[in-house]
Amino acid sequence: MEQQPPSRKGAVWALVLTSVAGFMAALDNLVVTTALPSIRESLGGELEELEWTVNAYTLTFAVLLMTGAALGDRFGRRRLFLAGLTVFTAASAAAALSPGIGELIAFRAVQGVGAAVMMPLTLTLLTAAVPPARRGAALGIFSAITGLAVASGPLIGGSLTEHLSWQWIFWLNVPIGLVLLPLARLRLAESYAPEARLDVPGTVLISAGLFGIVYALVSATGDGWTSPGVLTGLTAGTALLGVFVRHGFRAANPVLPMRLFRDRAFFGINIASLLMFLGMFGSIFLLSQFLQSALGYSPTEAGLRMLPWTGMPMLVAPVAGYLSDRFGGRPVVVAGLALQAVGLGLFAAVLEPGVGYAAQLPGLIVGGIGMALYFAPAASLVMSSVRPGEQGIASGANNALREVGGALGVAVLASVFSARGGYGSARSFTDGTVPAVWIGAGVVALAACVALLIPGRRGARGPAPEPAAEKAPVAA
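Residues numbered from 1 in each chain as written. Predicted model: local features only at pLDDT ≥ 70, side-chain atom pairs only at ≥ 80, totals over all residues. Heavy atoms only, no water.

Some words on the overall build of the chain
Next, step 1: Scanning the chain from N- to C-terminus turns up 18 helices and 0 strands.
Next, step 2: Each of the 476 residues in the chain was classed as buried or not, and the buried ones make up 61%.
Next, step 3: Taking all contacts inside the chain whose residues are at least 6 apart in sequence as the whole, residues at least 24 apart take part in 86%.
Next, step 4: Element-wise, carbon and sulfur atoms account for 67% of the exposed surface of the chain, whose accessible area totals about 17200 Å². (Helix = DSSP H or I, 4+ residues; strand = E, 2+ residues; numbered from the N terminus. Buried < 20%, exposed > 50% of the residue type's maximum accessible area, 1.4 Å probe, protein only. Contact = heavy atoms within 4.5 Å. Areas by Shrake-Rupley, 256 points an atom, 1.4 Å probe, with all protein chains shown as cover.)

Structural data, given as structure tokens:
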């Protein structure tokens, strides 16, 4: 099949299609949070089950992301992107039709499988379609849209829940998916990675290890930290992850080559991303419920009051992209993480059952600016830290670590919440939320410190030129 270089028209289509797909997958991480009180009222469920409506998605998403990237490299990135989008769309419809909390959790897990195949391939398809000179700008736009999805999840979820029903947070994906499928088939070029192989042992190790740890953390809320199931999950999960790390150093073609972490840029941005999502996701899981359960806001009112936070990526992302080009990715990412930590700290400092909106506003604004500064250069830092043939694995690894952070954040901070408070009253909810959000702020501050390891000016360069061995995109 005749090889064709990237074209301007193809690059625009790739940016639009991958950004919309990435928006959908990222949105479903947090769109559920403002709907949790309504889901609890409609389907029942305790804190542990509410955690699983979030974590069932983030867990399967996290543990299969690198597998999705490897499958795309081996069998065709567009082909697997379409397969993942199909599964995600079908599972969204099934989640909307769920008759009980157990079925909802199961279909959320299937949604995560589809997103895990689709999401890492968005970046590799975009990178293959955009000329090297313009990749930095394209990746910045993609990252800003993904960040907007994460931040706007509570508002979109709250509005749909109040004015339609909580089922519409899932129905929303169906028409978008049905429109994307034929367009992606016609407008995205196929591409492969050279000599791509699947790492079945590595996939089993990382999947089982992460499941053991997250299952233990979520179960600790109801069973206690010293229960046999929790101790077994933590011990076995940690041991399996240790074997996975060893496998990543020794295997010929591991799903995640541990040598990549010897690069300071790759190590710094990935570990910082894991910590940021741990602190941010766990905090949003509780704060979105606090606005309703403790302050009495409706789902839409809660989403609107978070708008200074959720809207900031739209306003600040262009400035963040300019600053990244001017000064490099490291200072922008570090500043963004530091501001997120300050924003969460400001929020935790004022939380009370009757706290006014004016007192909440500084934390929302500062945290929103920080989120925008982080997301804009993050993807470029990841993709520029590895060779072109490894960009699929790098994208999958970064997304996987972020999702692992999100799943751990919900589990850990919910455990803190249940140990110090509960759903019984506004005071009890506040007593549980405050220490959890302070911990979230501390974890994000630690992420800012880790991001200092990223070499200066590294993020200002685009990915290296494609080597001759890489198969170029081919026309449909």
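After presenting the structure, the write-up continues.
Some thoughts on empty space enclosed by the protein
Next, step 1: Throughout the structure, instances matching the rule amount to 3 cavities of 30 Å³ or more.
Next, step 2: The volume enclosed by the second largest cavity comes to roughly 60 Å³.
Next, step 3: Around the second largest cavity, the lining residues are M280, L287, W309, Q340, G343, L344, F347, G363 and G367.
Next, step 4: Broken down by element, the residue count for the lining of the second largest cavity peaks at 4 residues, all from helix α15 (residues 329–350). (1 Å grid on protein atoms, 1.4 Å probe; cavity = no way out; pocket = protein on both sides within 12 Å on 5 of 7 lines; lining within 4 Å. Points joined across faces, edges and corners; volume = space filled by probe spheres on them.)

Looking at the pattern of salt bridges
Next, step 1: One pass over the structure, following the stated rule, counts 2 salt bridges.
Next, step 2: R427 is paired through a salt bridge with E352; the nearest N and O atoms lie 2.8 Å apart. Note that R427 is positioned in helix α18 (residues 426–451) and E352 in the loop between α15 and α16 (357–383), a separation of 75 residues in sequence.
Next, step 3: Judged by its relative accessible area of 39%, R427 falls in the partly exposed class. (Salt bridge = Lys/Arg side-chain N within 4 Å of Asp/Glu carboxyl O.)

Things to note about the environment of G421
Next, step 1: Its location among the elements puts G421 in the loop between α17 (391–420) and α18.
Next, step 2: Residue class for G421 comes out partly exposed when judged on its relative accessible area of 23%.
Next, step 3: C-alpha of G421 to C-alpha of V434: the two residues are 13 residues apart in sequence and 9.5 Å apart in space.

Observations regarding the confidence of the model for the chain
Next, step 1: Mean pLDDT over the chain works out to 78, with 84% of the residues at or above the 70 mark.
Next, step 2: Note on residues 458–476: pLDDT under 50 across the span, and 54 contacts to partners over four residues away in sequence or across chains. (pLDDT = per-residue confidence, 0-100.)

Brief notes about the environment of L307
Next, step 1: The topology assignment puts L307 in helix α13 (residues 307–310).
Next, step 2: With residues up to four places along the chain from it excluded, the contact list for L307 reads L155 and M312.

With respect to the packing of α15 against α18
A packed helix pair is summarised by two numbers, namely the angle formed by the two axes and the spacing between the axes.
Next, step 1: Where α15 contacts α18, the axes come no closer than 8 Å and their chain directions differ by 165°. Accordingly, the angle class assigned to the pair α15 and α18 is roughly antiparallel. Judged by the twist between their axes, the crossing of α15 over α18 is left-handed. Counted together, R330, V333, V334, L337, A338, Q340, A341, L344, G345, A348 and A349 of α15 and V434, V437, W438, G440, A441, V444, A445, A447, A448 and A451 of α18 form the full contact between these two elements.
Next, step 2: Of the residues in the contact of α15 with α18, the class split is 17 nonpolar, 3 polar and 1 charged. (Axes fitted to C-alpha atoms, helices over the stretch in contact; angles between N-to-C directions. Parallel < 35°, antiparallel > 145°, perpendicular 65-115°, else oblique. Left-handed = near helix turned anticlockwise from the far one by under 90°. Nonpolar A, V, L, I, M, F, W, Y, C, P; charged D, E, K, R; others polar.)

Digging into the packing of aromatic side chains
Next, step 1: Under the counting rule described, the total for this entry stands at 4 aromatic pairs.
Next, step 2: Measuring from ring centre to ring centre gives 6.3 Å for W166 and F170, while their planes differ by 85°; the resulting arrangement is edge-to-face. F170 matches W166 in its accessibility class, with the two residues each being buried.
Next, step 3: Relative to F266, the ring of F261 has its centre 5.0 Å away and its plane inclined at 75°; by these criteria the two rings are edge-to-face.
Next, step 4: The class for F261 is buried, based on a relative accessible area of 18%.
Next, step 5: Three or more aromatic residues link up through ring pairs in this structure, and these residues are F290, F417 and F429. (Phe/Tyr/Trp six-rings, centres within 6.5 Å; stacked < 30°, edge-to-face > 60°.)

Thoughts on a nonpolar patch on the surface
Next, step 1: A contiguous nonpolar surface patch, about 350 Å² in accessible area, is contributed by F75, L198, V200 and V204.
Next, step 2: Within the secondary structure layout, F75 lies in helix α3 (residues 47–75).
Next, step 3: Using a relative accessible area of 36% as the deciding quantity, one classes F75 as partly exposed. (Patch = residues over 30% accessible without salt bridge, like charges linked within 9 Å, V, L, I, M, F, W, Y side chains within 5 Å.)

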